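Listed here are the chains, written in short residue letters.
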Amino acid sequence: MIEDKNQTRTSLTELGEFGLIKHLTQNFKIQHKSTIKGVGDDAAVLTITDKHILVTTDLLIEGVHFDLSYMPLKHLGYKAVMVNLSDVYAMNGNATQITVSIAVSNRFPLEAVEELYEGIHLACRGYNIDLIGGDTTSSTTGLLISITAIGEVNKEEVVYRNTAKPTDLLVVSGDLGAAYLGLQVLEREKQVFQVNPDSQPDLTNYSYLIERQLKPEARKDIVKLLKDLEVKPTAMIDISDGLSSEILHICTQSKVGCNLYEDKIPLDPQVISTCEEFNLNSTTIALSGGEDYELLFTISQEDFPKIQANPHLSIIGHITEESEGVNLVTRANQLIKLTAQGWNALQKE
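The following refers to the structure shown. (Residues numbered from 1 in each chain as written. Predicted model: local features only at pLDDT ≥ 70, side-chain atom pairs only at ≥ 80, totals over all residues. Heavy atoms only, no water.)

## Considerations on the pairing of strand E4 (residues 94–104)
Look at any regular strand and the pattern is simple: side chains alternate between the two faces of the sheet.
Thought 1: Of all 11 residues in E4, 8 are buried; the element is thus mostly enclosed.
Thought 2: Relative to strand E6 (residues 144–153), E4 runs antiparallel, the two being bridged by 9 bridges. Considered in E6, the bridge of alanine 95 is made with glycine 151.
Thought 3: Pairing between E4 and strand E5 (residues 130–138): 8 bridges, direction parallel. By the bridge assignment, valine 104 is partnered in E5 with serine 138.
Thought 4: Where the polypeptide runs from E4 across helix H3 (residues 110–127) and back to E5, its parallel neighbour, the crossover connection is right-handed. (Buried < 20%, exposed > 50% of the residue type's maximum accessible area, 1.4 Å probe, protein only. Helix = DSSP H or I, 4+ residues; strand = E, 2+ residues; numbered from the N terminus. Pairing = 2+ DSSP bridges. Right-handed = clockwise from strand over helix to strand, strands pointing away.)

Below is the structure:
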């Protein structure tokens with residue numbers, strides 16, 4: 001991205017911490033009856049209901065989880081919310097509130113933080129979420145964002161990772177691999193820009209991939225779809241670290257095995273063509289890419305007729321006994337042991 005040298009810059013010290021919080025959150029409106037008090041007091045106040053309360057949190061760090069040379073701040077704010085909402089939907093729940101904490105260095109003016117919050121606000125409006133609190137502080141290492149999402153689910157509807165059973169079908173929403181390839185395209189263009197700052201990239205052929213990387217969508221719609229179809233998953237997880245990692249999480253915690261069929265993995269045409277261009281194996285990308293934020297779940301075979309023709313869902317395998325192991329069934333009908341090679345947040349570069 002080419003920086004606009006003429007943009008207005010307002011120092012955050014002019015507002016102070018509480019002035020900044022008030023300024024950034026003034027347009028957030030309360031949307032849920034369960035939110036009694038949001039931003040503006042020592043703590044948020046929520047009602048206690050007969051439902052289970054879901055709580056999840058994620059920390060995003062500049063230089064580890066995102067690169068601001070090609071990640072617009074508005075997109076970053078939006079994506080940071082999606083990362084958390086996806087975990088709530090993976091429990092078959094409904095997300096209702098978030099808290100947002102940020103640490104910023106002095107290279108960020110007020111206008112930059114406003115842009116970040118524009119993305120957060122857009123996500124809250126689109127997904128019917130209340131912002132109810134958080135924190136702001138200074139940073140010596142760039143930008144850090146920590147978001148906690150709160151949700152609710154009826155006690156009889158909550159879905160865990162550890163309840164898959166042999167003979168269950170393995171199902172995934174959407175398609176896989178696009179977000180990782182979008183990252184590869186952006187990294188390539190960043191390197192070109194560093195060599196030649198006058199170059200203007202043509203990203204027309206990669207629009208879907210880049211959108212999946214910069215502005216992913218949490219699959220709230222799939223939770224509603226399954227309820228409308230009267231299908232309750234037997235186990236569920238969101239795909240943040242790669243398909244293979246998430247399958248192994250379900251199988252390990254449920255003490256089962258699995259056969260995943262290579263030819264059933266859903267791939268967008270842009271994923272296939274870009275893999276050919278980059279000389280990458282599309283199956284490997286789908287298995288290990290990560291950041292797709294699709295939902296991976298298992299269902300009983302009795303529910304197969306309810307989902308078999310749905311364009312939003314793909315049946316990609318089935319659950320087996322633990323003794324049979326976790327396997328990829330290749331197009332040549334060979335069994336290959338599935339390994340987790342996706343994103344590792346603690347791995348050093």
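## Notes on the environment of glutamate 322
Thought 1: Within the secondary structure layout, glutamate 322 lies in the loop between strand E11 (313–320) and strand E12 (326–329).
Thought 2: Once residues lying within four places of it in the same chain are set aside, the contact partners of glutamate 322 are Lys255, Val256 and Gly257. (Contact = heavy atoms within 4.5 Å.)

## With respect to the packing of helix H4 (residues 178–195) against helix H8 (residues 269–278)
Thought 1: Interaxial distance between H4 and H8 falls to 10 Å at its minimum, and their mutual angle equals 45 degrees. On the basis of the axis angle, H4 is oblique to H8. Judged by the twist between their axes, the crossing of H4 over H8 is left-handed. Packed against H4, whose contacting residues are Ala178, Leu181, Gln184, Val185 and Arg188, the element H8 presents Val271, Thr274, Cys275, Glu277 and Phe278 at the interface.
Thought 2: Its residues assigned to classes, the contact of H4 with H8 comprises 6 nonpolar, 2 polar and 2 charged. (Axes fitted to C-alpha atoms, helices over the stretch in contact; angles between N-to-C directions. Parallel < 35°, antiparallel > 145°, perpendicular 65-115°, else oblique. Left-handed = near helix turned anticlockwise from the far one by under 90°. Nonpolar A, V, L, I, M, F, W, Y, C, P; charged D, E, K, R; others polar.)

## Some points on the state of the cysteines
Thought 1: Within the structure shown, the criterion is met by 0 disulfides.
Thought 2: Note on cysteine 251: no disulfide assigned, nearest cysteine sulfur contributed by cysteine 258 at a separation of 4.7 Å. (Disulfide = S-S within 2.5 Å.)

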